[in-house]
Amino acid sequence: MKQKIQIGLCGLGTVGSGVVQILQEHQEQIRYKLGCEVEVVKVLVKNKDKKRAYINSDLLTTDSAEITDNPAIDIVVEVMGGLESTYQVLERSIRNRKHIVTANKDLMAEHGHKLFALSQEYDTDIYYEASVAGGIPILRSLSDGLASDKIQKVMGIVNGTTNFILTKMTDEKLSFDTVLKEAQELGFAEADPTADVEGLDAARKMTLLANLAFKMPVAYSDVQVSGITSISQQDIEFAGKLGYIVKLIGIAAMDDGKVEVSVEPTLLPEAHPLAQVKNEYNAVYVYGQAVGETMFYGPGAGGLPTATAVVSDLMDVVKNIRLGVSGKAYVQPQYKTALKDDTQKHAKYFVRVEAEDQTGAFHAVTNVFAGQNVSFAKILQLPHSKSKTAEVVMVTHKHSKQQIENSIMQLEKLDVVKRVISCYRVDGED
């Protein structure tokens, strides 16, 4: 039995440095739990001359082959990001019978199925807990802690940048542009924030969660995605008047053997636990047939929280190596892909319409919804003081997405309707 497990680390940025720091500072505890030493013996970086904390410069390399083709290395830890070139590194590592731990959500959402198939062929492990919600152990909870249950729905805040922006917009009544600039200055948002604010980052995470929760292959392209750039201060204020808070929510649900996965602005009741998750924090709400409702909360990003998830995965891989059960963690999907169409996706919706403030306008608007058999749970009508228009704000009962979309199309054709301002999902209530 091996007394020392050797690691090749790909990437030494915020997360990679955190991995090295934890392995060094928690070395005694890790050795006690595993019964062996874990040592980083080679680190792939872009610039060998850059000064690094916690690592000897002799271990640095710019040649990935020094990791992928090194027979002494047992596990490759990938925290450098990237897609196609990174896939090539991990593929070659697996073919050389190395186990993989990654924090790369983009890679796993796009190429995870190929890597899993290859890992089974070569009896290696792939662990990717840190790719979804940073320091929150949601994948481990779904695959182990809730393994005996039948998961019906997973919904959550899985992007800290958008949650920070919406929290500031709600609590401090600031505009989207103002808060985005602050988020960039604080390092919560990238210089190009598209992946976050358009929901793309969250969609990749929901792809991974849906695959695991429902044991069904779901592709990134199967996720319906809407971002937060269209959310105005007025949307947030009207939602508040009706008792809701606006969040960017990822939702994956299975009914009658069919799945829907989306990332979209969603109104949650103020009392819902997810509505109270603020700033850059993440939370995932899981509905199980047996367990009922559970919620997982914590930092969704950051060097040390994410590195903690990486090292926890690393320790699981080491345990498997020492037990001789490597390559057995991955389970093939139990079901073939079956996606709901828009007639099978049911939810409540928040709709804002600007209409002429004249006799019959409100009746015309409500008639459109009645024609699609859509009814309302809440309605507000607020005349504008400076114009001859009024805003009609509605929350529907639960109806199909197709009914709502048909209603919106008909509204836009009405002469008395100036514009349909917004339409967002409402969730988290009966």
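What counts, and at which threshold
Residues numbered from 1 in each chain as written. Predicted model: local features only at pLDDT ≥ 70, side-chain atom pairs only at ≥ 80, totals over all residues. Heavy atoms only, no water. Helix = DSSP H or I, 4+ residues; strand = E, 2+ residues; numbered from the N terminus. Rg over C-alpha atoms; globule rule 2.2 N^0.38 Å. Buried < 20%, exposed > 50% of the residue type's maximum accessible area, 1.4 Å probe, protein only. Contact = heavy atoms within 4.5 Å. Areas by Shrake-Rupley, 256 points an atom, 1.4 Å probe, with all protein chains shown as cover. Axes fitted to C-alpha atoms, helices over the stretch in contact; angles between N-to-C directions. Left-handed = near helix turned anticlockwise from the far one by under 90°. Nonpolar A, V, L, I, M, F, W, Y, C, P; charged D, E, K, R; others polar. Parallel < 35°, antiparallel > 145°, perpendicular 65-115°, else oblique. Expected span 1.5 Å × (residues − 1). Polar contact = N/O pair within 3.5 Å; in protein donor to acceptor, adjacent residues only side chain to side chain. Pairing = 2+ DSSP bridges. Core = buried A, V, L, I, M, F, W, Y, C linked by side-chain atoms within 4.5 Å. Phe/Tyr/Trp six-rings, centres within 6.5 Å; stacked < 30°, edge-to-face > 60°.

Chemist: When you look at the overall build of the protein chain in this model, what are you seeing that I'm missing?
Modeler: Looking only at helices and strands, the protein chain has 15 helices and 17 strands in total. Relative to its length of 430 residues, the protein chain is compact, with a C-alpha radius of gyration of 24 Å against a globular reference of 22 Å. Expressed as a percentage of the 430 residues in the protein chain, the buried residues total 52%. For the protein chain, the share of sequence-separated contacts (at least 6 apart) that also reach a separation of at least 24 residues comes to 73%. Approximately 19,200 Å² of the protein chain is accessible, and the part contributed by carbon and sulfur atoms is 48%.

Chemist: Explanation requested: the packing of helix α2 (residues 27–34) against helix α13 (residues 303–323) in the structure shown.
Modeler: A pair of packed helices is captured by two measures, namely the crossing angle of their axes and the spacing between those axes. Close contact between α2 and α13 brings their axes to 10 Å; oriented N to C, the two are set at 35 degrees. As α2 runs across α13, the sense of the crossing is right-handed. Contact with α2, carried on its side by Ile-30, Lys-33 and Leu-34, involves Val-311, Met-315, Val-318, Lys-319 and Arg-322 of α13 and no other residues of that element. Taken together, the residues of the contact of α2 with α13 break down into 5 nonpolar, no polar and 3 charged.

Chemist: Would you take a moment to explain the packing of helix α8 (residues 160–171) against helix α9 (residues 176–186) for this structure?
Modeler: Axis separation between α8 and α9 bottoms out at 9 Å; the angle between their running directions is 130 degrees. Of the possible angle classes, the one that applies to α8 and α9 is oblique. In terms of crossing hand, the pair formed by α8 and α9 is right-handed. Of the residues in α9, those touching α8 at Phe-164, Ile-165, Lys-168 and Met-169 are Phe-176, Val-179, Leu-180, Glu-182, Ala-183 and Leu-186. Here the residues of the contact of α8 with α9 sort into 8 nonpolar, no polar and 2 charged.

Chemist: Looking at this structure, how should I read helix α4 (residues 84–95)?
Modeler: Each α-helix turn comprises 3.6 residues. Residues three or four places apart therefore point the same way. With 12 residues, α4 ought to run about 16 Å at 1.5 Å a step, and its terminal C-alpha atoms sit 17 Å apart, in line with that. Within α4 the residues assigned to the buried category are Thr-86, Tyr-87, Val-89, Leu-90, Glu-91, Ser-93 and Ile-94. Residues of α4 that are buried sit in contact with β1 (4–10), α3 (65–68), β4 (75–78), β5 (99–102), α5 (105–121) and β6 (126–127). Directly beyond the C-terminal end of α4, a positive phi value near 60 degrees is found at Arg-97.

Chemist: Before we go on, may I ask you to explain the side chain of Asn-163 in this structure?
Modeler: The topology assignment puts Asn-163 in helix α8. For Asn-163, a relative accessible area of 2% puts it in the buried group. Only 3.1 Å separates the side chain of Asn-163 from the side chain of Lys-247, close enough to count as a polar contact. Looking at Asn-163, its side chain comes within polar contact range of the main-chain oxygen of Asn-279, at 2.9 Å. Once you skip the residues sitting within four places of it in the chain, Asn-163 turns out to touch Ile-157, Lys-247, Val-277, Lys-278, Asn-279 and Tyr-281.

Chemist: Is there a simple way to explain the environment of Ala-219 in this structure?
Modeler: Residue placement: Ala-219 occurs in the loop between α11 (200–214) and β8 (224–225). Each C-alpha atom of the pair Ala-219 and Leu-208 lies 8.7 Å from the other, and the pair is 11 residues apart in sequence.

Chemist: Even after reading the chapter, I still don't get the sheet that holds β5, so can you show me in this structure?
Modeler: Sheet strands pair by backbone hydrogen bonding; their relative direction is either parallel or antiparallel. Spatially, the 6 strands line up as an open sheet ordered β3-β2-β1-β4-β5-β6, and their pairing is parallel. Each of the sheet's edge strands pairs with one partner strand only, and the pair in question is β3 (60–61) and β6. Here 4 bridges tie β1 to β4, and the two strands are oriented parallel to one another. Within β4, the residue paired with Ile-7 across the bridge is Ile-75. Across the sheet, α4 lies against β1, β4, β5 and β6, angled at about 165 degrees from β4, the strand it touches most.

Chemist: Just checking my understanding: could you explain the nonpolar core for this structure?
Modeler: Inside soluble globular proteins, nonpolar side chains tend to come together where they are buried. Counting residues in each nonpolar core, the largest one holds 74 residues, and the members touching the most others are Ile-138, Ile-165, Leu-209, Phe-214 and Phe-350. Here this core gets 8 residues from one element, more than from any other, and that element is α11. Ignoring any residue separated from it by four or fewer positions in sequence, one finds Phe-214 in contact with Ile-151, Gln-152, Lys-153, Ala-252, Ala-253, Met-254, Val-259 and Tyr-335.

Chemist: What's the story with helix α1 (residues 14–25) in this structure? I'm lost.
Modeler: In this model α1 runs 16 Å from its N-terminal to its C-terminal C-alpha over 12 residues, within 8% of the 16 Å that 1.5 Å per residue would give. Buried residues of α1: Val-15, Gly-16, Gly-18, Val-19, Val-20, Gln-21, Ile-22 and Leu-23, and no others. Contact partners of the buried residues in α1: β1, α2, β2 (37–44) and α13.

Chemist: Where do I start with the packing of aromatic side chains in this structure?
Modeler: Each pair of aromatic rings is reported with the distance of its centres and the angle of its planes. Counted according to the given criterion, the structure contains 6 aromatic pairs. Ring centres 5.3 Å apart and planes at 5 degrees place the aromatic pair Tyr-281 and Tyr-297 in the stacked group. In this pair, Tyr-281 is assigned in strand β11 (residues 281–288) and Tyr-297 in strand β12 (residues 292–299), connecting sequence segments 16 residues apart. The partly exposed category is assigned to Tyr-281, whose relative accessible area is 31%. Pairing Phe-369 with Phe-376 gives two aromatic rings, centres 5.1 Å apart and planes at 75 degrees, and the pair type is edge-to-face.

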